[in-house]
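Structural overview for review
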Amino acid sequence: MSLSKRNALVTGSTSGIGLAIARALAKEGANVVINGMGDAAAIETERASIEKDFGVKAFYNGADMMKPAEIGAMVKDAQGRLGSLDILVNNAGIQYVAPIEDFPVEKWDAIIAINLSAAFHAIRAAVPGMKAAKWGRIVSTASAHSLVASPFKSAYVSAKHGIAGLTKTVALELATFGVTANCISPGYVWTPLVERQIPDTMKARNLTKEQVINDVILAAQPTKEFVTADQVASLAVYLCSDAAAQITGANLSIDGGWTAG
Ligand code: NAD
């Protein structure tokens, strides 16, 4: 197990990619703090199953990624409960799809807060401990939309391009401290986030559900297949390993060839 004795916090890990990453880190022996929204009983079931399946410690912290004070407090809570925070995965994210002239201001603000600013607040709080330990891993879930744009996703594309820039900056600042910072840029992964944007995309582009899946979503990916959450999680685990010590400041695509074209 490559990550035994490591302690990790994964934001937005009650669902989808974040949950897969939290479970994959735990499988490698890391203790984890999970975070995110959702039904309390379902979250407790997930937390308990991480402990049971992998024999690690797992805690839940319900910090709202819109609220900087709660993010800082969650990092402290993770350090307190686990003894240190060695791995930070910035993953929480939301999406909203609308033409720019109709894009609700509050949706712009929420996407920038959750998908971009939350990573800044968490990194800012986690870095002093990682620097002192001379070891740390910061992994952020960016997106193919950190590299290319799609229409009707102005806030999401802006936030994800921001994650790529934040990652590069932090990597340079921490390069001599044994702390790496990288982002992963998946193409389309079948999760609730993708499922939820289908009705709005149908409306914005005047298409049926099948047309959105085949002509918009999978059309972007040359393999014509969804990426899986477990594939993204495997890459995150690798970036957290000692083998990846010299990978820093990178934006790694896992997108079925989307951004090659
Ligand atoms: P998801 O909806 O399954 O999971 C999102 C997670 O973020 C959930 O745990 C949710 O509770 C949490 N979250 C949302 N708002 C929050 C808030 N205010 N405070 C705390 N937690 C909050 O979506 P997903 O597809 O697994 O997305 C995870 C990440 O992957 C996001 O950053 C997303 O942009 C990115 N991503 C997804 C895809 C895809 O195709 N699904 C592709 C590229 C990148």
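Below is a short write-up of the structure.

A few words on the environment of cysteine 183. With respect to the helices and strands, the residue cysteine 183 is situated in strand S6 (residues 179-186). Distance in space between the C-alpha atoms of cysteine 183 and glycine 83 is 25 Å, their sequence separation being 100 residues. What cysteine 183 contacts, discounting residues up to four positions off in sequence, is Ser140, Ala142, Ile163, Ala164, Thr167, Ala250, Asn251 and Leu252.

Quick look at the pattern of salt bridges now. On inspection of all chains with the given rule, the structure shows 6 salt bridges. A salt bridge links aspartate 64 to lysine 67; the nearest nitrogen and oxygen atoms lie 3.8 Å apart. Among the salt bridges present, the one from arginine 137 reaches aspartate 242, with a minimum N-O distance of 4.0 Å. Separated by 105 residues along the polypeptide, arginine 137 in strand S5 (residues 136-141) and aspartate 242 in the loop between helix H8 (229-240) and strand S7 (251-254) bring together distant segments of the chain. With a relative accessible area of 2%, arginine 137 lands in the buried category. Judged by relative accessible area, aspartate 242 falls into the exposed class, the value being 54%. Connected via shared salt-bridge partners are Glu44, Arg47 and Glu51.

For the rest of this paragraph, the subject is the nonpolar core. By size, the foremost hydrophobic cluster in this structure holds 38 residues, and its most contacted members are Leu9, Met65, Leu88, Ile123, Ile138 and Val170. Mapped onto this core, the elements with two or more residues apiece are helix H3 (68-82), helix H4 (105-133), helix H5 (154-174) and S6. Per element, the largest residue contribution to this core is 11 residues, and it comes from H4. Ala22, Leu25, Ala26 and Ile50 belong to the second-largest nonpolar core, a separate cluster that totals 33 residues.

Attention now goes to the sheet that holds strand S4 (residues 87-90). Taken in spatial order, the 7 strands of this open sheet run S3-S2-S1-S4-S5-S6-S7, and their pairing is parallel. Single-partner strands in this sheet number two, and they are strand S3 (58-61) and S7. In this sheet, neighbouring strand axes are inclined to one another by 20° on average, regardless of whether the strands run parallel or antiparallel. As paired elements, strand S1 (residues 7-10) and S4 share 3 bridges and run parallel to each other. Considered in S4, the bridge of valine 10 is made with valine 89. Along the sheet face, helix H1 (residues 16-27) touches S1, strand S2 (31-35), S4 and S5 and points at about 175° away from the line of S1.

Calculation notes
Residues numbered from 1 in each chain as written. Predicted model: local features only at pLDDT ≥ 70, side-chain atom pairs only at ≥ 80, totals over all residues. Heavy atoms only, no water. Helix = DSSP H or I, 4+ residues; strand = E, 2+ residues; numbered from the N terminus. Contact = heavy atoms within 4.5 Å. Salt bridge = Lys/Arg side-chain N within 4 Å of Asp/Glu carboxyl O. Buried < 20%, exposed > 50% of the residue type's maximum accessible area, 1.4 Å probe, protein only. Core = buried A, V, L, I, M, F, W, Y, C linked by side-chain atoms within 4.5 Å. Pairing = 2+ DSSP bridges. Axes fitted to C-alpha atoms, helices over the stretch in contact; angles between N-to-C directions.

Scope: geometric values only; no functional claims are made or implied.
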